[in-house]
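What follows is the residue order along each chain.
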Amino acid sequence: MSWQVATVADVRQETETARTIVLDVPDWPGHLAGQHLDVRLTAEDGYRASRSYSIASAWANSHSSTIELTVEQVPGGEVSPYLVEVLKVGDPLEIRGPVGGWFVWKPEQEGPVQLIGGGSGVVPLRAMLRAHAVAGTTPVRLLYSVRRPESVIYVSDLKELAASDAVDVRLVYTREAPAGEPRVGRIDADLIEQYALKPEDGATTYVCGPTPFVETVANLLVAAGHDPARVRTERFGPTGGPR
Amino acid sequence: MSNYLDGNAAAGALSELFAVDLTAAIAQCNGCGHTTVFAESRVYVDAPGTVARCAGCDTVLLRVVTTPNDTYLDLRGLTYLRVPNS
């Protein structure tokens, strides 16, 4: 697989620090929900930096050449500040993908699906929710941990998905909650017990977020009796990484 | 060093070298024998290249370094990689 040039078709601000970039990619081969792609920037002096970002959109059909990335700006980052603040409609962007075959959800997969995201870790989970809305029949739950109400990425999209019978969405606020939501705090064992699917449900769980978040949640799930082989994780750190 | 990602972060670099997706491959660590899907390894991208370490014992499983002319692939920490026949 080699690098190719995509064109920015649209940009949408999602939160103060995150934005969705709609890319037009000629001859896009299609992707599975949860896959990502690498973005490469080249400076005038030839210096190159590449980072991996989760694809936020489900692949619509074989005639589609449009994909979406949602990028959260990393303070002091090499790539994300450019993607969030500088890149504009019509600009070219060097990409390589889709890549990754482990942290993916396929419509033919059996059993319910538990999605657990922290911050911009919701991005590949959103692709899974979108793919599920088109082709899935099994129950899906999303547990989404955010700092405060303004940090929620895809607010209207999640509301729309939550209105469907197949999807159950639960937001967890770690710093500041909206009016009427008494709980402020991280995901813990009680919350997993209360809102996550149970081990006996035979769910496959996808956990994505910053490395410490993923480690904590994966450990909580295993402690609650979930089979480690059915807990799939994707971590990202402050240097960038899949998101 | 706790600033690691996981095997998924190496997917792009590996896709230039292998015809199959290695992140879903089963990998055995040559250091401790820990056997798991490659996506669960710990990947460091801060180095001049990509380094994957065993989540069990921290042994370097794999390194990919790209220079302007060549790519170096070092697989010394892997006993094997198991990929399904397509």
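Residues numbered from 1 in each chain as written. Chains lettered and ligands numbered in written order. Predicted model: local features only at pLDDT ≥ 70, side-chain atom pairs only at ≥ 80, totals over all residues. Heavy atoms only, no water.

**With respect to empty space enclosed by the protein**
All names here are of chain B.
Turning to step 1, where the next piece is worked out: For the coordinates displayed, the defined rule picks out 2 cavities of 30 Å³ or more.
Turning to step 2, where the next piece is worked out: Of the voids in this model, the largest cavity is the one considered here, and its volume is about 60 Å³.
Turning to step 3, where the next piece is worked out: Ala27, Gln28, Cys29, His34, Thr36, Val37, Phe38, Glu40, Ser41, Cys54, Ala55 and Leu61 are the residues that line the largest cavity.
Turning to step 4, where the next piece is worked out: For the lining of the largest cavity, the elements supplying multiple residues, two or more each, are strand S2 (26–29) and strand S3 (35–37).
Turning to step 5, where the next piece is worked out: Across the lining of the largest cavity, the residue classes break down as 7 nonpolar, 4 polar and 1 charged. (1 Å grid on protein atoms, 1.4 Å probe; cavity = no way out; pocket = protein on both sides within 12 Å on 5 of 7 lines; lining within 4 Å. Points joined across faces, edges and corners; volume = space filled by probe spheres on them. Helix = DSSP H or I, 4+ residues; strand = E, 2+ residues; numbered from the N terminus. Nonpolar A, V, L, I, M, F, W, Y, C, P; charged D, E, K, R; others polar.)

**A few points about the interface of chain A and chain B**
Turning to step 1, where the next piece is worked out: Contacts between the two partners involve 25 residues from chain A, matched on the other side by 21 residues from chain B.
Turning to step 2, where the next piece is worked out: Carbon and sulfur atoms make up 48% of the area that chain A and chain B hide from each other, which totals about 1,600 Å².
Turning to step 3, where the next piece is worked out: Joining chain A to chain B, the criterion identifies 2 salt bridges.
Turning to step 4, where the next piece is worked out: For A:Arg235, the salt bridge goes to B:Asp6, with nearest N and O atoms at 3.7 Å.
Turning to step 5, where the next piece is worked out: At the surface where chain A touches chain B, the tally comes to 14 residue pairs in polar contact (both at pLDDT 80 or more).
Turning to step 6, where the next piece is worked out: Sorting elements by how many residues they give to the side of chain A that touches chain B places strand S11 (residues 231–236) of chain A first, with 6 residues.
Turning to step 7, where the next piece is worked out: Residue classes in the side of chain A that touches chain B are distributed as 9 nonpolar, 10 polar and 6 charged. (Contact = heavy atoms within 4.5 Å. Buried area = accessible area lost by both parts, 1.4 Å probe. Salt bridge = Lys/Arg side-chain N within 4 Å of Asp/Glu carboxyl O. Polar contact = N/O pair within 3.5 Å; in protein donor to acceptor, adjacent residues only side chain to side chain.)

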